Amino acid sequence: MNGTPHVLNRILIGILGLALLVTGILLVLLATVPAVGSWWRDWSTGVWDHAKFLSEQTRIPGREESWLWVAAAAIMIVLIVLMVAWVAQQGKGRANLLVSEYDDARTPGNVSIGGSFAEQALKAALAERTDLAGITVATFDVRGIPGLKIRVQPRQGVAPHALADDISRLVEALDMVVGRKTPVLIHIGVGARARFSKAERVR
C-alpha cells in the first residue's frame, strides 16, 4: 500500500553494502599485507599520471582548466537531483483523510474523517491485548482510495488466523462507525521484539 520503491531501495542498499565491504577488505589488506601496499602504490601512481595526462589533453582553449572538471560538476548536479527525487519517493502514498464526502441533497456541507481517527481507534482496541508485542496502523492512498495498513507483531504461540479474524471484526466495527467500507491490509509478522520480550507469552 506504500508507494515507496522497495525494490530500488534494496538494490541501492545492496550496491552500497558491497562497495563498503570491498573498501573495508582493501583497507585491511593495505594495513596487513605489504605486497598489497606495494601494488596499491604502483597502481595509484599510474592512475595519477594518466589523470594528469588527460587533464593536459582536455584543457579549455585559452585556460589551464580541463573541461573534464565541468563534466564532473554536471554529473554531480545530476546525481544530486536524482538523490532528491529518490528521497521524495520514500513514504509516498501516506494519506491524512480516511473519508471526505460532500452531499448537499440531505445535509449541506463536507464531511471529513481523518485517518488519525481510525489509527488511534484501532490502536486503542488492540493495545488491550496482551498477546501482541507491537502494533502499527497507518493510512495510505491507493489509486485515489484511502485505506488502512495494520501491522501487528504477535507473541509466540498466537494463532495468526484467529488474530486476523479479531482484527477483521474490529475493522468491520470501524466501517459501521465511519459509514464506509475501508480497504485494509493486515500484516502479521514476528520480529526481535516479539521473540525476546520478557512479557507473558500466550501458548
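These numbers come from a predicted model, not from an experiment.

Draft legend 1. Molecular detail of the overall build of the protein chain. Secondary structure summary: the protein chain contains 6 helices and 5 strands in total. The linear arrangement of helices and strands in the protein chain, starting from the amino end, is α-α-α-β-β-α-β-β-α-β-α. Counting across all 203 residues of the protein chain, residues that qualify as buried make up 21%. Summarising the internal contacts of the protein chain: among those between residues at least 6 apart in sequence, 56% fall at separations of at least 24.

Draft legend 2. Examining the packing of helix H4 (residues 115–127) against helix H5 (residues 160–178) more closely. Packing of H4 against H5 leaves a shortest axis separation of 11 Å and a crossing angle of 140 degrees. The pairing of H4 with H5 is recorded here as oblique in orientation. Crossing hand, H4 versus H5: right-handed. Here Phe117, Ala118, Leu122, Ala125 and Leu126 of H4 come into contact with H5, specifically with Ile167, Leu170, Leu174, Val177 and Val178. Looking at the contact of H4 with H5 residue by residue, the classes come out as 10 nonpolar, no polar and no charged.

Draft legend 3. Inspection of the side chain of Thr58 at higher detail. If you trace the backbone, Thr58 turns up in the loop between helix H2 (34–57) and helix H3 (67–89). Accessibility expressed as a relative area gives 12% for Thr58, which makes it buried. One polar contact links Thr58 to Ser66, side chain to side chain, over a distance of 2.5 Å. When near neighbours in sequence (up to four residues on either side) are disregarded, Thr58 contacts Glu65, Ser66, Trp67 and Leu68.

Rules and cut-offs
- Residues numbered from 1 in each chain as written.
- Predicted model: local features only at pLDDT ≥ 70, side-chain atom pairs only at ≥ 80, totals over all residues.
- Heavy atoms only, no water.
- Helix = DSSP H or I, 4+ residues; strand = E, 2+ residues; numbered from the N terminus.
- Buried < 20%, exposed > 50% of the residue type's maximum accessible area, 1.4 Å probe, protein only.
- Contact = heavy atoms within 4.5 Å.
- Axes fitted to C-alpha atoms, helices over the stretch in contact; angles between N-to-C directions.
- Parallel < 35°, antiparallel > 145°, perpendicular 65-115°, else oblique.
- Left-handed = near helix turned anticlockwise from the far one by under 90°.
- Nonpolar A, V, L, I, M, F, W, Y, C, P; charged D, E, K, R; others polar.
- Polar contact = N/O pair within 3.5 Å; in protein donor to acceptor, adjacent residues only side chain to side chain.

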